[in-house]
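Fold and contact review
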Amino acid sequence: MLSLVSILLLLVYGPGARWFVAADRVLYDQIASSIDNAPLANGVIISIDPNKVASDELPAVYGSLIQALNSQQVERIVIPHPPALEPGAELPGWAATLSSGAPVFVPRGHPLDRVATWSGFLKLQPDSDGILRRSSLWQFESGVMFPSLALAIALQNPRFASDADAPIPGADAAVYLSSYAELPRLSWHQVLDAEFPPAYLAGRTVFLDAEPPLVAAAATLPSGQYVTRSEVTAALLAGIEQDQAITAPIWIVALQWLAPVLLAAGAVLLLPGRSRRDVLVLATAVILALVFVEVLLLAVGRVRLDLGRPAFIFASAAILCWWFAASGKKAAVHAFKRGMDFLAAGRLEPAFAEFRRCEPTESLASVMYKLSLAFEEQAKPERAEAVIQWMKRTQNPKREKKFSLSDSNGGVPHRLGRYVIEKRIGRGAMGAVYLARDPRINRPVALKVIPIEKEFEDEELEEARLRFFREAESAGRLTHPNIITVYDAGEDKHLAYIAMEYLPGLQLTHFTDPKKLLAPKKALELCAR
């Protein structure tokens, strides 16, 4: 297990990192797409259809719109994708108005950057699968840090700048996109129409967009929405100003590196040695907990924490433990069967080796007891002792009781064979059953005793003795949880005895009283067993 998780850790941070990054992205997309985002407060997009305006006329349309918006007292004007201008060409005449009136924000590096009120970089860098998930808030250039376009707009907002709970993001800060809450769109014809109500745009953030929605999309969000530059900027600005941006603080980054190691250590400590059911339940609970934590952090804390790697490591370790639990159980079953075959064939050493591979159970203890007797019959007391010592190490000590010799045994000897009799627990027409103890392994047994020489005449004695031991031999071959196990049989002091498994409990005759009858269902269950 330790080797497996070590290999997995090297894999998820080594050559297989790109696969796990892709898995993290899929999980993030599924969760982030379900998060509701509020649209930018008082935001509106004014669309210019480039198919209906000649390219040489497009700058003039921008100029007319900016003049109209200034007269309508908009709060700020954002031009994420200004009209293209030839390098070195003179700026249009309306460019001089950008430094007066409502603040105008343009991308850094555009010719209008020289005369606009503010600027910021706007780089759309999708991931390898073409989805735009991350946007940096700062860019280092020529020894100077420049803000992104969305951050530059937010920093010039007096309400945002004066908010003590809205700290300036650090140089390595980034926001993660999820979905775009649509803003209302107006046609540039509507805004320039003389009948357009000027109060409608007063105090609003206006985006000038010459990219038709969907047709001229610049990026695809995790939600699957196709968005233009104006829509991306609006989504980022709404996240920053309205405190709904998804971020990854430094402690989250550290936790993402630490989580796989912690889950790997947990898998090594918790999973080995458990049953298949326990492994399945534990793995399901841990993976669901990881998904729940990721969803909770995204939905409530707006924090992105990728838990795909630790979930993969724990799931892989669980699968391995689940498989080993099944193969180990099958191996134990096969070992028990092979051991029984060896024992039946008189090959005691191979039988002992196979039995030691099995899980210690009461049935195995009974078989090992027979194995010790077989070793004694072959005059190998040291091997019989080795079997008994193994039984003592594997037996549950809670099931053993201290030896105590009863003073009165009703005329029965204190010992039959090697068994020490403690008390009588039952009586039949021909004999009785006693609670005895095998002193070699301090184990209680039920000793069925028949005074065989008193019950049968000389001419019938040999046949009765043969039938008695044949019964013991036949019963001793049976191994089943619901059948009493026969350990041994013998004859001592003119008494024949069979040593059997002792099971304390009520006799069935207790329930023959009409007032204590068993329920029919219970009686049928006992018969079936």
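Up top you'll find the structure we're talking about.
Let me sum up the structure you'll find in this document. (Residues numbered from 1 in each chain as written. Predicted model: local features only at pLDDT ≥ 70, side-chain atom pairs only at ≥ 80, totals over all residues. Heavy atoms only, no water.)

All right, on to the sheet that holds strand β14 (residues 419-427) then. Read across the open sheet, the six strands follow the order β13-β14-β15-β16-β18-β17; overall the sheet is antiparallel. Each edge of the open sheet is held by one strand with a lone partner, namely β13 (415-416) and β17 (486-492). The strands that helix α12 (residues 362-377) touches are β14, β15 (432-438), β16 (443-450), β17 and β18 (495-501); relative to β17, the one it contacts most, it runs at about 40°. (Pairing = 2+ DSSP bridges. Helix = DSSP H or I, 4+ residues; strand = E, 2+ residues; numbered from the N terminus. Contact = heavy atoms within 4.5 Å. Axes fitted to C-alpha atoms, helices over the stretch in contact; angles between N-to-C directions.)

Our focus in this paragraph is empty space enclosed by the protein. Tallying each qualifying case throughout the model produces two cavities of 30 Å³ or more. Lining the largest cavity are 21 residues, with Asn-37, Ser-179, Ala-235, Leu-236 and Gly-239 positioned closest to its centre. Secondary-structure elements contributing two or more residues to the lining of the largest cavity are β8 (174-176) and α7 (229-241). Per-element tally for the lining of the largest cavity: the top contributor is α7, with five residues. Across the lining of the largest cavity, the residue classes break down as 15 nonpolar, five polar and one charged. (1 Å grid on protein atoms, 1.4 Å probe; cavity = no way out; pocket = protein on both sides within 12 Å on 5 of 7 lines; lining within 4 Å. Points joined across faces, edges and corners; volume = space filled by probe spheres on them. Nonpolar A, V, L, I, M, F, W, Y, C, P; charged D, E, K, R; others polar.)

Our next topic: the pairing of β15. Side-chain positions along a regular strand alternate between the two faces of the sheet. The buried count for β15 comes to six of seven residues, which makes it a mostly enclosed element. The pairing of β14 with β15 spans six bridges and is classified as antiparallel. Looking at β15, one finds that Ile-421 is bridged to Ala-436. Strand direction decides the pairing type here: β15 and β16, joined by seven bridges, are antiparallel. For Leu-435, the partnering residue across the bridge sits in β16 and is Ala-446. Following β15, the chain reverses through four residues before pairing antiparallel with β16; Asn-442 in that reversal takes a positive phi of roughly 50°. (Buried < 20%, exposed > 50% of the residue type's maximum accessible area, 1.4 Å probe, protein only.)

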